Every structure is written in structure tokens, then in C-alpha cells.
Amino acid sequence: MSQSNIQYPQDENTPTSHLPFSPCAVVGNLVFVSGQASVDATGKIIGDSFEGEFRRSIENLRAVLKTAGCDLQNVVQTRNYVRDDADLAEYNKLYAEYFQNPLPTRTTITNCLPSTIRYEVECIAVLPEAD
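Rules used in this analysis
- Residues numbered from 1 in each chain as written.
- Predicted model: local features only at pLDDT ≥ 70, side-chain atom pairs only at ≥ 80, totals over all residues.
- Heavy atoms only, no water.
- Phe/Tyr/Trp six-rings, centres within 6.5 Å; stacked < 30°, edge-to-face > 60°.
- Lys NZ or Arg CZ within 6 Å of the ring centre and 35° of its normal.
- Helix = DSSP H or I, 4+ residues; strand = E, 2+ residues; numbered from the N terminus.
- Polar contact = N/O pair within 3.5 Å; in protein donor to acceptor, adjacent residues only side chain to side chain.
- Contact = heavy atoms within 4.5 Å.
- Core = buried A, V, L, I, M, F, W, Y, C linked by side-chain atoms within 4.5 Å.
- Buried < 20%, exposed > 50% of the residue type's maximum accessible area, 1.4 Å probe, protein only.
- Axes fitted to C-alpha atoms, helices over the stretch in contact; angles between N-to-C directions.
- Left-handed = near helix turned anticlockwise from the far one by under 90°.

A separate point is the packing of aromatic side chains. What the rule picks out here adds up to eight aromatic pairs. The structure contains a cluster of three or more aromatic residues connected by ring pairs, namely Phe50, Phe54, Tyr91, Tyr95, Tyr98, Phe99 and Tyr119. A cation sits over an aromatic face here: Arg106 above Tyr95, 4.7 Å from the ring centre.

Following this line, the structure appears as C-alpha cells:
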């Protein structure tokens, strides 16, 4: 596969980071989104309650997906990082607000984040077929 088959869409509404990674990569009809946390448009961490950080992270994920040409309903897999086991019940409740049946496949890992963030999410999505 040549580099010309890979795109890295980004516009002024795409959350970015000062760290060395692209928000997403599109290969064919697959969209690979880098981990999205509770950050502002410049990548500065915005601390909050678990719910606040979860919602901001998912909205950042949604913004990156939009840049690539899709949305949450096009997500086929998520990888989720939850800092504290105590937040798992709330995580599952909030997750169900954003993802409905058929649910994407999912991995959740706990006790793996630094003290500066409570939640992070990454995903793989499929671009919708053109009409």
C-alpha cells in the first residue's frame, strides 16, 4: 500500500495536540482515530468530574470523526481507558447514551491513566457509502 492511499484529514474544527500524532488517519473506507481525552481545541487538558471528562472526550471524538466524513454511528470499535475502577458504572451508563445498537466492539482498560485525566477513548470507524 502506498502512502497516497492514506489521508490525514484535519480542519480548523479538528481537536489537535501539541504531541506528535495525527488526530486520525483514513485508509480506504476505514477511519482510525487517535486517543481523545478531555482537552480543549489546542490539546490543553481540561480536568473535570468523570462525567465532564467523558462527555468532552466523546465530543472530541465526534469532531475528529466529522472531519473524516462520519459520526459515532459509523464506529465499529472503541478502546476505552478509565483511570479509576470506581467510575466503571458511570462509564457504562454514559457510554450507552452515545452508542446504540448495534453497539461497536469495545475494550475497556482500567488503572492505566495518569492522574491528569480520568478517561480517554480511541476508535475505528467505517466511512458511510456514497449515495
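We now examine the side chain of Ser57. Mapped onto the elements of the fold, Ser57 is located in helix H1 (residues 50-68). A polar side-chain atom of Ser57 sits 2.7 Å from the main-chain carbonyl oxygen of Glu53. Not counting residues within four places of it along the chain, the set of residues in contact with Ser57 comprises Gln36, Ala37, Ser38, Tyr119 and Val121.

Another point: the nonpolar core. Core analysis: the largest hydrophobic core is formed by 24 residues, its most contacted members being Val31, Phe54, Ile58, Leu61 and Leu65. Elements supplying a minimum of two residues to this core: strand E2 (24-27), strand E3 (30-37), H1, strand E4 (75-82), helix H2 (88-98) and strand E6 (119-126). Residue contributions to this core peak at seven residues, all from H1. Setting aside its immediate chain neighbours within four residues, Phe54 contacts Tyr91, Leu94, Tyr95, Tyr98 and Tyr119. If you look at the next biggest cluster of nonpolar residues, it comprises five residues, including Ala37, Val39, Tyr81 and Ile117.

Another aspect to go through is the packing of H1 against H2. Put simply, H1 and H2 touch, their axes get as near as 11 Å, and they point 35 degrees apart. The interaxial crossing formed by H1 with H2 has right-handed handedness. Contact residues: Phe50, Glu51, Phe54, Arg55, Ile58, Glu59 and Arg62 in H1; Glu90, Tyr91, Leu94, Tyr95, Glu97 and Tyr98 in H2.

Before going further, it helps to examine the environment of Ile124. Of note, Ile124 is situated in strand E6. When the C-alpha positions of Ile124 and Leu30 are compared, they lie 6.9 Å apart, and in sequence the two are 94 residues distant. Excluding anything up to four places from it in sequence, Ile124 contacts Val31, Phe32, Val75, Val76, Gln77 and Arg79.

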